[in-house]
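Reading the structure
Listed below, chain by chain, are the residues.
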Amino acid sequence: MSILIDEQTSVLVQGITGNQGRFHTQQMLAYGTNVVAGVTPGRCGMEVEGVPVFDTVRAATEEYSIDASVLFTPAAAVKDAALEAMEAGIRTLVIITEHVPVHDCLEIMAYADRIGATIIGPNTYGIVSPGRCKIGIAPSSIFFPGSVGVVARSGTLSYEIVGNLTASGVGQSTVVGIGGDRVVGQSFVDILRLFEADSATSVVVLIGEIGGSAEEEAAPYITQMTKPVVAYIAGQSAPPGKRMGHAGAIIERGRGTYHHKRRALEEAGVRVAELPSQVTGIVQTELSMLHADPFYGLIWSFSRPQQ
Amino acid sequence: MRLFEYMGKQLFIDFGIRVPRGMVCDTPKTAAQIAQRLGGPVMIKAQVLSGKRGKGGGIRLADGPKESKLAAEQLLQSTVQGFPVELLLIEEKLAIEQELYLSLIVDGVSKKPVLIASAQGGMDIENVPEEQIIRQPIDVELGLPTFLARDIVRRLKIVPSSPCGKALTQVVTALYRLFTAIDAELVEINPLAICGDTVYAADAKITVDDASLYRHAHIPTVSELTLGEQEASKLGLSYVDLDGEIGVMANGAGITMATLDMITYFGSKPANFLDIGGGANQEATRKGLELVLAKQPKAVLVNIFGGITRCDEVAQAIVGIRRQYGKSIPMVVRLAGTNQDAGRAILEKEAGIEVFDLMQTAAQRAVELAG
């Protein structure tokens, strides 16, 4: 099992004829992802890596049953493309594009919430379920199947930590980039909930960074989780970021700093790594404790050591 | 992108929100002329992007043209929180009865715009107790209709049907129209001044979403970057000046921050933050390195995890720079991912640069070299 996607997931690529769309369609196919169709307005009848291209999403859904769409569309066209996919009935969207106007995101998310669609991104590398399916732009070679779930805001930092895990023989169940923008479709909590319910995931790695309050929002939920969570937060030494005037300070009320995030997570029982390179060791400790525990899966929440 | 107060007030006027009468100027002489024309006491406000402008001495009260000229002279030679004062806004002084707070912000947690209002406006809004602050998430499909604005006014303890309540209701709806029309991340009025039956935006703080600027050609460009930062932004690189001794270049914001953290962890300090992004080519890498070297750091640490970025391209660029700038500044490179072996071979054979597989060992070595 994995979360969000698996080998059955049939995928549409929006913006398939651009450089990025073309290259990553080829990469996704090579990984075994079931890419069934692509859309670029005005390019109907073309093929990209053997994948048929349509003018509109509806034209594609008339011929294929599609579970998920990945968007390589230029930033200015993302709102239209995302609404088009949802209106055509697709309920999982992965928006790779960066620099999408934030008010466009607000509209996309409002519609998604209303119809019950799941949006990953924007500004994400996507989702990988190692050995099963990859949707997005992550380098295929760093992933390895296993039982660690990974959720992150940042791309290359995910690669760094996942690469370390794989190099030490620690595989992953699913790796999800929720996206680096202020407004993204899924919060840490949304993804943690899925990992908690996923039988293939036994430990979760949360990769956060300074700014916003996504990590703090996750803390109360983590206290209810039965699975151990390990975290790394980037930006300990970064200078104070752009402040959004008084309103930003009011909304966050001192949140958003490294120390605030770290404290919130640690109080929720999360083991926070000081350096990205330490994540693997902590995960290995958590995994060995699980395997040593004869009651694992039965009364895990009681037998779990408290930090 | 943040806008100066006078630009924000121009937008307020365009959307029907009242602001005090006033004009901008950049010489003491014109300041006096404006004060003359306004008549009575005036406020002289430094146009800088810093918050806490009042506390920083950037706002003066002057009685008549002579005093205005003097105050303008002093302000134009000063800095407010590190920002040099180049422009002043001269405004009529209002007879304020009550100061409110009103803003709209994009909230990532609720994925909605949130209206924030308080009956306690003025300088110290950050210290207003939580229970005195109204927070209203806005459904973007509904917008901010008059009925909702009326209810916000009621919650501010002002009778919505009074002349002042009606004026306030209009300000609330107009502010939301402006917020969406200019793709703002933040629009803030603090204080929103009640003067009898009239309501004035006595200040304006606006941040426009950088990703949306392409569709707002009419909004003037305001740059708050250092020269190095401006250079980098033209090249599509993300650069921030810091004050340490190790120059840093990495690809991706998260890994760049983690690199800075590691340098700090091992006891040194980074001289800059430079994220060359995903898929950086030779040209971007070269320009990035030039920026890093321009600060004359004691050592340089390059940390690349190649996904779309190809390590051999990065290596070629480093070798080129090395030829041009010599070897006086020691350089440590960490390469991983796409074409890492080819990249390593190029760096070691052609430039004799130390290459590491792991970020941690590379950071340790850079700190050693800088020490």
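These figures come from a predicted structure and were not determined experimentally.

Further remarks concern the overall build of chain B. The helix and strand tally for chain B stands at eleven helices and 19 strands. Here the C-alpha radius of gyration of chain B, 26 Å, is well above what a compact globule of 371 residues would show, namely 21 Å. In terms of principal-axis extent, the alpha carbons of chain B reach across some 80 × 50 × 35 Å. Sorting the 371 residues of chain B into buried and exposed places 52% on the buried side. At a minimum sequence separation of 6, the contacts of chain B that also span at least 24 residues come to 67%. Accessible surface for chain B amounts to roughly 15900 Å². Of this, 50% is attributable to carbon and sulfur atoms. Averaging the locations of the 39 positively and 44 negatively charged side chains of chain B gives two centres separated by 3 Å.

This part takes up the domain arrangement of chain A. Residue and element names in this part refer to chain A. One can read the domain layout of chain A as domain 1 (10-120) and domain 2 (126-303). Relative placement of domain 1 and domain 2: their C-alpha centres are 27 Å apart. Of the roughly 1600 Å² buried between domain 1 and domain 2 on both sides combined, carbon and sulfur atoms contribute 70%. Our count for the contact surface shared by domain 1 and domain 2 stands at zero salt bridges. Broken down by secondary-structure element, the contributors of at least two residues to the side of domain 1 that touches domain 2 are helix 1 (19-31), strand 5 (68-71), helix 4 (102-115) and strand 7 (118-120). A breakdown of the residues in the side of domain 1 that touches domain 2 according to their chemical character gives 14 nonpolar, five polar and no charged.

With that settled, consider the sheet that holds strand 3 (residues 47-48) of chain A. Residue and element names in this part refer to chain A. If you walk across this open sheet you meet the seven strands as 3-4-2-1-5-6-7, and the pairing is mixed. Edge positions in the open sheet fall to strand 3 and strand 7, since each of these has one partner strand only. Taken together, the two bridges between strand 2 (residues 34-39) and strand 4 (residues 51-54) define a ladder with parallel strand orientation. Opposite glycine 38, over in strand 4, you have valine 53 as the bridge partner. Its contacts with the sheet place helix 3 (residues 78-87) against strand 1 (10-14), strand 5, strand 6 (92-95) and strand 7, and it is angled at close to 165° to strand 6.

This next bit is on the nonpolar core. In this structure, Val70(A), Val151(A), Leu192(A), Leu206(A), Ile222(A) and Val283(A) are the most contacted members of the largest nonpolar core, which totals 96 residues. Each residue touching Leu192(A), except ones within four places of it in the same chain, is listed here: Val151(A), Val204(A), Leu206(A), Ala218(A), Tyr221(A), Ile222(A) and Met225(A).

Relative to the assigned elements, Ser103(B) resides in strand 8 (residues 98-107). A distance of 3.1 Å separates polar atoms of two side chains, one belonging to Ser103(B) and the other to Tyr101(B).

Next up on the list: unusual backbone geometry. Following Gly121(A), the chain continues into Pro122(A) via a peptide bond in cis, with omega recorded as 5°. Following Asn190(B), the chain continues into Pro191(B) via a peptide bond in cis, with omega recorded as 10°. The residue Pro191(B) is located in strand 11 (residues 184-195) in this model. Even without being a glycine, Leu4(A) presents a positive backbone phi close to 70°. Mapped onto the elements, Leu4(A) comes out in the segment before strand 1. Here Lys157(B), not a glycine, exhibits a phi torsion of approximately 65°, which is positive. Within the secondary structure layout, Lys157(B) lies in the loop between helix 4 (146-155) and helix 5 (163-181). In this structure Lys157(B) comes out as exposed when scored by relative accessible area, which is 74%.

The next point concerns the interface of chain B and chain A. Taken together, the 54 residues of chain B in the interface contact 56 residues of chain A. Taken over both partners, the interface formed by chain B and chain A buries close to 4500 Å², and the fraction arising from carbon and sulfur atoms is 62%. The interface formed by chain B and chain A holds four salt bridges in total. Put simply, Arg215(B) and Asp104(A) hold a salt bridge, and the shortest N to O gap is 2.8 Å. Applying the counting criterion to the chain B and chain A interface returns 15 residue pairs in polar contact (both at pLDDT 80 or more). Elements that contribute at least two residues to the side of chain B that touches chain A include exactly strand 8, strand 9 (112-118), strand 10 (133-137), helix 5, strand 11, helix 7 (253-265) and helix 11 (359-370) of chain B. With nine residues, helix 7 of chain B is the largest single contributor of residues to the side of chain B that touches chain A. When the residues that make up the side of chain B that touches chain A are grouped by side-chain class, the tally is 27 nonpolar, eleven polar and 16 charged.

In this section: the pattern of salt bridges. Summed over the entire model, instances satisfying the criterion amount to 34 salt bridges over all chains. In this structure, Lys111(B) and Asp113(A) form a salt bridge, with 3.9 Å as the shortest nitrogen-oxygen distance. In this pair, Lys111(B) sits in the loop between strand 8 and strand 9 while Asp113(A) sits in helix 4, so the two residues belong to two different chains. Residue class for Lys111(B) comes out buried when judged on its relative accessible area of 16%. The partner of Lys45(B) in a salt bridge is Glu91(B), with the nearest N and O atoms 4.0 Å apart. Linking Lys45(B) in strand 3 (residues 41-46) with Glu91(B) in strand 7 (residues 88-92), this pair joins segments that are 46 residues apart in sequence. Residue class for Glu91(B) comes out buried when judged on its relative accessible area of 2%. Within this structure, Glu5(B), Lys9(B), Lys45(B), Arg53(B), Glu91(B) and Asp203(B) form a network of salt bridges that share partners.

As far as domains go, chain B holds domain 1 (21-92), domain 2 (98-215) and domain 3 (227-370). Computed from C-alpha coordinates alone, the two centres of domain 1 of chain B and domain 3 of chain B are separated by 45 Å.

Rules behind the numbers
- Residues numbered from 1 in each chain as written.
- Chains lettered and ligands numbered in written order.
- Predicted model: local features only at pLDDT ≥ 70, side-chain atom pairs only at ≥ 80, totals over all residues.
- Heavy atoms only, no water.
- Helix = DSSP H or I, 4+ residues; strand = E, 2+ residues; numbered from the N terminus.
- Rg over C-alpha atoms; globule rule 2.2 N^0.38 Å.
- Buried < 20%, exposed > 50% of the residue type's maximum accessible area, 1.4 Å probe, protein only.
- Contact = heavy atoms within 4.5 Å.
- Areas by Shrake-Rupley, 256 points an atom, 1.4 Å probe, with all protein chains shown as cover.
- Lys, Arg positive; Asp, Glu negative; His and termini not counted.
- Charge placed at Lys NZ, Arg CZ, Asp CG, Glu CD.
- Domains from an automatic or database assignment.
- Buried area = accessible area lost by both parts, 1.4 Å probe.
- Salt bridge = Lys/Arg side-chain N within 4 Å of Asp/Glu carboxyl O.
- Nonpolar A, V, L, I, M, F, W, Y, C, P; charged D, E, K, R; others polar.
- Pairing = 2+ DSSP bridges.
- Axes fitted to C-alpha atoms, helices over the stretch in contact; angles between N-to-C directions.
- Core = buried A, V, L, I, M, F, W, Y, C linked by side-chain atoms within 4.5 Å.
- Polar contact = N/O pair within 3.5 Å; in protein donor to acceptor, adjacent residues only side chain to side chain.

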